[in-house]
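Summary of the model geometry
Take a look at the letters that make up each chain.
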Amino acid sequence: MSPALFSLIDARDKFTAATINALEAGNCKPLTNVFSHLPGNETEKKSTLDQTLRAVLEGQIVKHVDVGDHLSLIYISIGGVTEGICSATTPFVLLGDVLDCLPLDQCDGIFSFVEENVSTWKSNSFYSAGKNYLLRMCNDLLRRLSKSQNTVFCGRIQLFLARLFPLSEKSGLNLQSQFNLDNITVFNKNEQESTLGQQSTEVKEDGMEVEEGEMGDEDTPAPCSIPIDYNLYRKFWTLQDYFRNPVQCYEKFSWMTFVKYSDETLAVFKSYKLDDTQASKRKLEEMQTAGGEHVYFAKFLTSEKLMDLQLSDSNFRRHILLQYLILFQYLRGQVKFKSSSCVLNDDQTSWMDDTTKVVYQLLREIPPDGDRFASMVEHILNTEENWNSWKNEGCPSFVKERPAEPKPTRPSRKRPAPEDFLGKGPDRKLLMGNDELTRLWNLNPDNMEACKSDSREFMPSLEDFFEEAIEQADPANMVEDEYKVVRNSNYGWRALRLLSRRSPHFFQPTNQQFKSLADYLENMVIKLAKELPKDIPSEEIKTGEEEDENGDNLLKESNDSPSIQSKPVTNSQMDEVAAKLGGQWRTLADHLEMKEAEIREIEADGEDVDLQAKMLLVAWQDREGPQASVESLASALRSAGFGSIANSLSQS
């Protein structure tokens, strides 16, 4: 009797009924029973069960059931993955369907479930299959949420991703050190519309002016302690554009404007200090809610009427001063993807050093706990330097392999040696078991000092050692090959050792292939003959074979100064090559032997083709290390059809 065939419709109906029973029972045993009794292979049954679970979820969404029913179905799918009856991606597909179909207020409850099961997602059964689904799901949620109205929800998503992915996960890193240029601070840029400096008088309904003191204490605005005009207002908020995009500071005129506005702003901070510690603490208590949480504002309030209150607020001042320190750290730091033109001169560096001291002093003077706050900021920024160095090194993994444990050695008992052997006898000699060895060993009481003696310097000079070989290489002497000293294996071994210690030719790379050690030594003898003093007959040495012509060419190349072949590629050269390549960098990627995964990662990091070309060259340089020379890059450019770029690179 032939085995039953797999039927998709029959399997789907049975899985649907089993899913409903599993939801009522609260476990996946009904699904496991149906799965084990159905005919067909596991791949067919798993695929059918995945489709069935999505169909059941679709029915729940259409019927507008409670969120708890959705979560119960996802729990069933997780159990199915554990039992091996459905695909590992099924729970994540169901989560994505639910979040795509539900409004934001119900998504909050679904995401709480995602947060609570972070340990499940990080297990071996789910992590590799679902990390990309979770990342895509979180990014879709962030696009739907408002950063100003759903600030807490956005923060929860970011914290979840930080817990899910390891620190070395590059998808969560700002590898290119890009800035959020869309974060524009809007303020009044029209002086004609400004109300600063205007004296307004309050008029009662009967037309009489309100005298000072007639209004209640609660309705009376605080007197302006800091003289604020439109120029100060404009300059203060203009600084936010430099904090938003620090690259502007490398431009001459932008830097001059930044310095001028910063000096005036910091002068106001120094002239009008916040000395009332108790008042500052009272303000801090007022900013706290009943639950003890701090109020957070996602954007600056740039109204002219709030300027005086903002400058008198300790938290606001700390925020502005901290922006200065972060900006200075970027300008001073070594960033891998920073352009080669972004360099500060000595005057700019000096101004930043002085201003940094002023900023830290102002932070210490701001109550409450100014000294503690300034020390903590300095510590955090110093720690940030380590992260910058880690990114510049290509984000190596933090996981270190555990060294292999050494095998325990069995202790061995040593037999005591006789006294005469240890040199403790009457003549204090070390007996080596042989009269001649004993005599040699006891020539000097301190053998290590004897080995360091100048008389033991046995290494001959190149001229002395190769003199006979050079004479035999001269055709006029008519010495047959079999009688040449280079054919002696003992001589060849000593010649290699001497060349490795005294001759630079030994370590020079060459494309020549030698069949034997004697052929190699003959080639080296020809090179040495042309370098040694003129009294050694080396001008007439010729062999008449093509190998000698190649040897002459190698000799000429080795006599030249260090060529461009050994020079590493500089950052400015990579910038120049990347600008010329543009969108054609993918053609070069194949000749640099870049993997497809690396090319896709470069394409996903940004849309700027010049930056993508620069990232390609940086990735190649990281992989090759010291072998990433100008010559190897020029060779790859020529093979890719960019001969003009290769020529300009070789000439630079």
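None of the values given here were measured: they were computed from a predicted structure.

Going from P367 to P368, the amide bond is cis rather than trans, its omega being -5 degrees. With respect to the element layout, P368 can be found in the loop between helix 15 (346-365) and helix 16 (370-392). Look at M478: it is not a glycine, yet its phi comes out positive at around 50 degrees. Residue E593 is not a glycine yet carries a positive backbone phi of 60 degrees. With respect to the helices and strands, the residue E593 is situated in the loop between helix 24 (585-591) and helix 25 (596-605).

Turning our attention to helix 11 (residues 252-271). Here helix 11 spans 29 Å end to end across 20 residues, near enough to the 28 Å set by a 1.5 Å rise per residue. The complete set of buried residues in helix 11 reads S254, W255, F258, V259, Y261, S262, T265, L266, V268 and F269. Those residues of helix 11 that are buried lie in contact with helix 10 (230-244), helix 13 (307-311), helix 14 (314-332) and helix 15.

This paragraph deals with empty space enclosed by the protein. Picture a little ball the size of a water molecule; that probe, rolled over the atoms, points out where space is still empty. The tally for this structure, following the rule as stated, stands at one cavity of 30 Å³ or more. Roughly 50 Å³ of internal volume is contained in the largest cavity. Considering the residues around the largest cavity, the lining is formed by F269, K273, L274, R317, L321, L362, E365 and I366. Residue assignment for the lining of the largest cavity shows that the elements contributing at least two residues are helix 14 and helix 15.

Now for a nonpolar patch on the surface. Nonpolar side chains collect at one region of the surface, where M432, L437, L440, W441 and L443 lie side by side and expose about 490 Å² of accessible area between them. Turning to its location among the elements, L440 is positioned in helix 17 (residues 435-441).

Once that is clear, we can look at the confidence of the model for the protein. For the protein, the average pLDDT comes to 80, and 82% of its residues sit at 70 or higher. Ranking the elements of the protein by mean pLDDT puts helix 22 (residues 546-559) last, at 43, and helix 15 first, at 95. The model gives residues 199-224 a pLDDT under 50, and that stretch makes ten contacts with residues more than four places away or in other chains. Across residues 536-565, confidence stays below pLDDT 50; counting only partners more than four residues off in sequence or on other chains, it has 43 contacts.

Reading the values: the criteria
Residues numbered from 1 in each chain as written. Predicted model: local features only at pLDDT ≥ 70, side-chain atom pairs only at ≥ 80, totals over all residues. Heavy atoms only, no water. Helix = DSSP H or I, 4+ residues; strand = E, 2+ residues; numbered from the N terminus. Expected span 1.5 Å × (residues − 1). Buried < 20%, exposed > 50% of the residue type's maximum accessible area, 1.4 Å probe, protein only. Contact = heavy atoms within 4.5 Å. 1 Å grid on protein atoms, 1.4 Å probe; cavity = no way out; pocket = protein on both sides within 12 Å on 5 of 7 lines; lining within 4 Å. Points joined across faces, edges and corners; volume = space filled by probe spheres on them. Patch = residues over 30% accessible without salt bridge, like charges linked within 9 Å, V, L, I, M, F, W, Y side chains within 5 Å. Areas by Shrake-Rupley, 256 points an atom, 1.4 Å probe, with all protein chains shown as cover. Salt bridge = Lys/Arg side-chain N within 4 Å of Asp/Glu carboxyl O. pLDDT = per-residue confidence, 0-100.

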